[in-house]
Structures are given as C-alpha cells and as structure tokens.
Amino acid sequence: MNGHTLAGVSIKVLIADDHAMFRGALGRLIDSEPDLQVVALAHDGASTLQQLADNPCDVLLLDLTMPEPSGSQLISLIREKWPQQRLLVVSMLDTPRIVRTALDAGANGYITKDSEPATLLQALRVVAAGGRHVEPSLMEAMLFAPAPAPKLTPRETEILKRLAAGQSNSAIARSLYITDKTVSSHKANLMAKLSIQNLADLLRYAMDHGLAPKV
C-alpha cells in the first residue's frame, strides 16, 4: 500500500478476497500503478463490512465466494449502508445468472479472475470514475441467456406449492387463515407474473421448478 498519486489524486481500493495469495498478488499489482492505492484488505464478509466502515475507499474489489455474508447478499448489505460505494466484482464464477444477480444487487462491474491484469486495472479506473465495466464475453453470455424467472413472494410460492399438491382454493384458505378471495387474487397474480394463461400450465411450471410434491 504505497500511496502513490497521479496529479495529487489516488484511487483508493479495498480488496476483499478469502485467498491470501490472491489478495497479495492483487495488492502488488494495484500498488504498482501511480494512480491506484490499496488502503485495506478483507478476508470475509464481516471483515469487508468492518473495513469499509474504517477505511473509506473509491472502489471495493470484491470476491463473491468468501465466508458469509457473501455474494449478492453482501452486495445488498453494502448498498444499504453505503449507497454510493463503487463496487467491482472479481470472481471465478462466470455463469450469466450469477453475473446478472451481482449486477442487479448493485455491483458496478464484473470481471473474472482469469482476466488480464490490464483488464482489471482498466475496470478499476472505469468504475472509480462512475462508469460500469463488464467483460464483453460475460455481457454477450447474458444477452443470449434465458431471461431469469420472475421472483415470487414467499406467500405466492406457498400457494403455488399447495395448488400443485392438489389443494382447492378453500382448503388453502383454511390452512393459511386467509379468505378464498385472497387465494384467488394470489393465483391471478401468479399467472400474470409468470405469463401463464391457465391452471394446467401453472401446475406444469410448479413441476418444472421443483415446487410440486414428488411422486
């Protein structure tokens, strides 16, 4: 952590990764640049939150698979406490769903750990300047990946499971202490949210997503 500056300005970076060798290698790479400075290191979700509180930084360089809290949950926690914090994910994970989830949770960029050093440095500068940086290969994969399934509320999920188990609206209403009308409203909301036109397709959706009882 050398504190070099460029024209009196240094981009302060916090590295959060649970592998000591990788943290060290990243730190040496970043500190070798005149406009970048590593101000703190973290090894898990809890220490990341503590270091952010103790050592404000321009960019948090974050691994997704540290001990909990981690992943999109940690990103969401950071967003709640520090809404303006710039955050760049660097991870071995490269599936479209994981990348999209991290970005939706509030990450400003996403690169993989096998990226070239120059790519990492460029991404840090872009994110620090208020931009967004996602590796082109990851962006292309997300464009061609199926759209993520709509997120159901716990109540919608419970009602869908009970419908898939063959329970009637009245039976569901009695077991959940709600009215028949409320069950019907939830069912209508489910069908609208999932773009499903009939009960048979709704039950097929439940089976396809592991929400129907196994026989």
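In the block above lies the structure referred to throughout.
What you see is a predicted model, and the numbers here were worked out from it, not measured in a lab. (Residues numbered from 1 in each chain as written. Predicted model: local features only at pLDDT ≥ 70, side-chain atom pairs only at ≥ 80, totals over all residues. Heavy atoms only, no water.)

Colleague: Can you break down the packing of helix H7 (residues 154-164) against helix H10 (residues 199-208) residue by residue, with the values?
Modeller: At a minimum axis distance of 9 Å, the contact between H7 and H10 shows a crossing angle of 105°. It follows that H7 is roughly perpendicular to H10 by the angle criterion. Of H10, the residues touching H7 (which contributes Leu160, Leu163 and Ala164) are Leu202, Leu203, Tyr205 and Ala206. Considered class by class, the residues forming the contact of H7 with H10 number 7 nonpolar, no polar and no charged. (Axes fitted to C-alpha atoms, helices over the stretch in contact; angles between N-to-C directions. Helix = DSSP H or I, 4+ residues; strand = E, 2+ residues; numbered from the N terminus. Parallel < 35°, antiparallel > 145°, perpendicular 65-115°, else oblique. Contact = heavy atoms within 4.5 Å. Nonpolar A, V, L, I, M, F, W, Y, C, P; charged D, E, K, R; others polar.)

Colleague: Outline the sheet that holds strand S3 (residues 59-62), listing residues and values.
Modeller: Spatial ordering of the open sheet is given by S2-S1-S3-S4-S5-S6, a layout of 6 strands whose pairing is parallel. At either margin of the open sheet sits one strand with a lone partner, and together these are strand S2 (36-42) and strand S6 (133-134). The pairing of strand S1 (residues 11-16) with S2 spans 6 bridges and is parallel. Bridge assignment links Ala16 to a residue of S2, and that residue is Ala42. Packing of helix H3 (residues 71-81) onto the sheet brings it into contact with S3 and strand S4 (86-91), and relative to S4 it is tilted by some 170°. Sheet contacts for helix H4 (residues 96-105): S4, strand S5 (109-112) and S6; angle to S5, the most-contacted strand, approximately 150°. (Pairing = 2+ DSSP bridges.)

Colleague: Before we move on, could you go through the packing of helix H2 (residues 45-54) against H3 and cite the residues and values that matter?
Modeller: Helix packing geometry: the angle between the two helix axes and the distance between the axes. As a packed pair, H2 and H3 sit with axes 11 Å apart at the nearest point and diverge in direction by 20°. Here H3 runs roughly parallel to H2, going by the angle between their axes. Judged by the twist between their axes, the crossing of H2 over H3 is right-handed. Of the residues in H3, those touching H2 at Gly45, Thr48, Leu49 and Leu52 are Leu74, Leu77 and Ile78. For the contact of H2 with H3, the class distribution of residues is 5 nonpolar, 2 polar and no charged. (Left-handed = near helix turned anticlockwise from the far one by under 90°.)

Colleague: Let's hear about the pairing of S5: which residues, and what values?
Modeller: Each regular strand carries side chains that alternate between the two faces of the sheet. The alternating pattern of S5 places Gly109 and Ile111 and Tyr110 and Thr112 on opposite faces, both of which are buried. As paired strands, S4 and S5 are joined by 4 bridges and run parallel to one another. Bridge assignment links Val89 to a residue of S5, and that residue is Tyr110. For the crossover from S4 across H4 to S5, the handedness is right-handed. The handedness of the S5 to S6 crossover, carried by helix H5 (residues 117-128), is left-handed. (Buried < 20%, exposed > 50% of the residue type's maximum accessible area, 1.4 Å probe, protein only. Right-handed = clockwise from strand over helix to strand, strands pointing away.)

Colleague: I'd like a rundown of the pairing of S4, residues and numbers included.
Modeller: Where burial is concerned, most of S4 is hidden: 6 out of the 6 residues are buried. In S4, alternate side chains face the same way, and those of Arg86, Leu88 and Val90 on one face and Leu87, Val89 and Ser91 on the other are all buried. Where S3 meets S4, 4 bridges bridge the pair, whose relative direction is parallel. When the sheet's bridge partners are listed, Val59 is paired in S4 with Arg86. Read from S3 through H3 to S4, the crossover connection turns out right-handed.

Colleague: An account of the nonpolar core is requested, with residue identities and associated values reported.
Modeller: The biggest cluster of nonpolar side chains holds 26 residues, and the ones touching the most others in it are Leu14, Leu60, Leu62, Ile75, Leu87, Val89 and Tyr110. Mapped onto this core, the elements with two or more residues apiece are S1, S2, S3, H3, S4, H4 and helix H6 (136-144). Counting residues per element, this core draws most heavily on H4, which supplies 4 residues. In this view, Leu60 contacts Leu14, Ala16, Thr48, Leu52, Ile78, Gln85, Arg86, Leu87 and Leu88; residues no more than four positions away in its chain are not counted. Counting 17 residues, the second-largest nonpolar core is a separate cluster that includes Val13, Leu120, Ala123 and Leu124. (Core = buried A, V, L, I, M, F, W, Y, C linked by side-chain atoms within 4.5 Å.)

Colleague: Just give me the short version of unusual backbone geometry, but keep the residues and values in it.
Modeller: In this structure, Tyr177 takes a positive phi of about 60° despite not being glycine. According to the relative accessible area criterion, Tyr177 is exposed, its value standing at 78%.

Limitation: the analysis is restricted to geometry and does not speak to function.
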